[in-house]
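Topology and contacts: notes
Here are the chains, one letter per residue:
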Amino acid sequence: MPSRSTSWWFLLFSFLGLLHFAFAGDPFVHYDWTVSYITASPLGVKQQVIAINGNFPGPILEATTNWNVVVNVKNNLDEPVLLTWNGVQHRKNSWQDGVLGTNCPIPAGWNWTYVFQVKDQIGSFFYFPSTNFQRAAGGFGGIIINNRDVIPVPFGNPDGDITLTIGDWFVKSHKELRKNVENGVDLGSPDGILFNGLGPYRYDGSSVPDGIEYQVINIEPGKTYRFRVHNVGISTSVNFRIQNHNLLLVETEGSYTLQQNYTNMDIHVGQSYSFLVTMDQTGSNDYYIVATPRFINSTKASGVAILHYSNSQGPASGPLPDIPNKSDPSFSMNQARSIRMNVTAGAARPNPQGSFKYGEITVTDVYLLENRPPELINGKRCTTLNGISYFAPSTPLKLAQQYNVLGIYKLDFPNRPMNRPAVIDTSVINGTYKGFIEIILQNNDSTVQSYHLDGYAFFVVGMDYGVWTENSRSVYNKWDGVARSTTQVFPGAWTAILVYLDNAGLWNLRTQNLDSWYLGQEVYLSVVNPEVSEKTELPLPENTIYCGVLSSLQKDQAQRVNFSGTSSACVVIRTVFIAFIITFVGTFMR
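Residues numbered from 1 in each chain as written. Predicted model: local features only at pLDDT ≥ 70, side-chain atom pairs only at ≥ 80, totals over all residues. Heavy atoms only, no water.

A closer look at the overall build of the protein
Along its length, the protein carries seven helices and 33 strands. Every one of the 590 residues in the protein was classed for burial, and the buried ones make up 57%. For the protein, contacts bridging at least 24 residues in sequence account for 78% of all contacts bridging at least 6. For the protein, the accessible surface area stands at approximately 24100 Å², while carbon and sulfur atoms represent 53% of it. (Helix = DSSP H or I, 4+ residues; strand = E, 2+ residues; numbered from the N terminus. Buried < 20%, exposed > 50% of the residue type's maximum accessible area, 1.4 Å probe, protein only. Contact = heavy atoms within 4.5 Å. Areas by Shrake-Rupley, 256 points an atom, 1.4 Å probe, with all protein chains shown as cover.)

And the structure:
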């Protein structure tokens, strides 16, 4: 019979071995964020903005593909908040999506912990608050998902990595803006364009006030930098360019692209791009980095940052670099069509991006989604898809699905525009698990609309002016259409996308234009695996917040916080530790 000493060492090494097993999976990265108001003056006017850990914009969230991300969010605002992860797919885990159809908002003064895996993804994304028009006040920041070492990158290691959040900005508060939108007052032209939360460099004394803080990017001559550029604005497409420098496009929203040089790029609301920029100028002076509003009549200043060479001898000079062919309505569409996927580059898994031959797959469902300008429905200003303005119930659809609560939503969203008066309803697309769906986005509004689908990267296969017909498929790109999560749809035009529905969950399809989204231009896509399995969809998180008809299930904040950071590895460790203590005590009691 072994001695107590032998038993002790056996138990200790067993415990350590189990700990090694618990941590031997994919790594975890942890973030603690406090969301609060701070005072800033990005355009020279003091205003309240939303910061994370006191920073506006918020910190960059960085991980490597397949890592588990844990983000503990403390809400110090005066209203509920949710953060959503624009373009991050949350494989099998729409519980972490951070939109009202899947999550109850985090009440003021509470905290909640997101736990999700950035599975099989690489590239450039961003996060932002998804409720209450809060994105108009900030709360956004960049996301970088790196390749694993075993997956080659289709370009050389850059000498630096620079994130730029650019977007339109209004000096009115987000609460004022959302009230105006509800009351039928259009957003109008923005008051300016920000670079990383900062206003424009004073390139023109007549249009830019003195004393505004601006962004300076410090670089070394001869080196190459990766610029990750995100349009985090709320309604305005922008044209991005760097004076006298080429933009070599290499990636967009998780897809490596054919490497093509551009002098400028139209970046629409919610879109993200990566460019390699080589510092091949003499450095005798600084250079302008410019973001100009597109497709609107705006007298406001462009956003202007400064590219500063270490050997620069003076400030940037001359007029801002112009947008080529800016009066040509087809210029932006032709530029968008030129963006193609690099089918030979490695994907997040060890296989080329072109190995999924989407053009050879039979389409199982077709949805033609038509939007129109805002209209009155029962006296309320609304936007619609196929004549339906989405109504967000107080009980999230995902929770209603989990608990079989009837009457919250209907799986009856029409696959074509309905010949009837517009209605306000909670109608959901009933997707087929592992089906292949074609979605045509028809824009009957007078402004560019960006559309985003959570949980997926879709293939952009075609876009053109006019009304989509069955014959439009003849111009589809069925080989190297770029896979991304946000696409533009020009006014009076259509864009077609293809999506393989292999990610079970409930996913939000929306316009990224915040005014249109706020008024109801969205729909949810339900993708259910008939064979229930945690291999295809993760279970209800133990830290779930309950609201609406399920409010009675809510634990108080003290109870809930204790488990808010629990992850699968933590559960294993906790269980193993308890078993170890019980066994250890039992051994010495004998």
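We are not done yet, so read on.
Details of the pairing of strand 19 (residues 303-309)
Burial within strand 19 is extensive, with six of its seven residues counted as buried. Strand direction decides the pairing type here: strand 11 (residues 216-219) and strand 19, joined by four bridges, are parallel. Paired with Val216 across the bridge in strand 19 is Ile306. In terms of strand pairing, strand 18 (residues 287-294) meets strand 19 through five bridges, oriented antiparallel. Opposite Tyr287, over in strand 19, you have Leu307 as the bridge partner. (Pairing = 2+ DSSP bridges.)

A look at the sheet that holds strand 3 (residues 61-64)
Pairing is mixed across the open sheet formed by four strands, whose spatial order is 3-8-7-5. In the strand order of this sheet, the two ends are held by strand 3 and strand 5 (83-86), each with one partner. Recorded for the sheet is a direction-independent mean angle of 20 degrees between the axes of neighbouring strands. Judged from the four bridges that link them, strand 3 and strand 8 (residues 141-146) form a sheet pairing that is parallel. Looking at strand 8, one finds that Thr64 is bridged to Asn146. (Axes fitted to C-alpha atoms, helices over the stretch in contact; angles between N-to-C directions.)

Here we look at the environment of Leu187
You can see Leu187 is positioned in the loop between helix 2 (174-182) and strand 10 (192-195). Linking Leu187 and Leu177, residues ten residues apart in sequence, is a C-alpha distance of 7.1 Å. Dropping the residues within four chain positions of it, Leu187 is found in contact with Phe133, Phe170, Leu177, Val181, Ile234, Ser235 and Asp515.

Section: the pattern of salt bridges
Tallied over the full model, the rule gives 19 salt bridges. Linking Asp266 and Arg294 is a salt bridge whose minimum nitrogen-to-oxygen distance equals 2.9 Å. Separated by 28 residues along the polypeptide, Asp266 in strand 16 (residues 265-267) and Arg294 in strand 18 bring together distant segments of the chain. Across the pair, Arg294 and Asp266 agree in class, each one buried. (Salt bridge = Lys/Arg side-chain N within 4 Å of Asp/Glu carboxyl O.)

Focus: the packing of aromatic side chains
Scanning the model with the defined rule gives 27 aromatic pairs in all. Between Trp85 and Tyr114, the ring centres sit 5.1 Å apart and the planes meet at 85 degrees, which makes this aromatic pair edge-to-face. Pair noted here: Trp85 is in strand 5 and Tyr114 is in strand 6 (residues 111-117), with a separation of 29 residues, a long-range link. Of the residues examined, Tyr114 reaches a relative accessible area of 0% and is grouped as buried. Judged by centre distance (6.3 Å) and plane angle (50 degrees), the rings of Tyr476 and Trp494 are tilted. Taken together, the residues Tyr476 in the loop between strand 28 (458-465) and strand 29 (483-484) and Trp494 in strand 31 (residues 493-500) connect sequence positions 18 residues apart. For the pair shown, Tyr476 and Trp494 are each scored as buried. Linked through ring pairs, Tyr31, Trp33, Trp85, Trp112, Tyr114, Phe116 and Tyr127 together constitute an aromatic cluster. Looking at Arg294, its charged tip hangs above the ring of Phe295, at a distance of 4.6 Å from the centre. (Phe/Tyr/Trp six-rings, centres within 6.5 Å; stacked < 30°, edge-to-face > 60°. Lys NZ or Arg CZ within 6 Å of the ring centre and 35° of its normal.)

Section: the state of the cysteines
Counting across every chain of the model gives one disulfide. The side chain of Cys104 participates in a disulfide bridge whose partner is Cys547; the two sulfur atoms lie 2.0 Å from each other. The chirality of the disulfide connecting Cys104 with Cys547 is left-handed, given an S-S dihedral of about -90 degrees. Pair noted here: Cys104 is in the loop between strand 5 and strand 6 and Cys547 is in the loop between strand 33 (522-528) and helix 6 (557-562), with a separation of 443 residues, a long-range link. Residue Cys104 shares its accessibility class with Cys547, and that shared class is buried. (Disulfide = S-S within 2.5 Å.)

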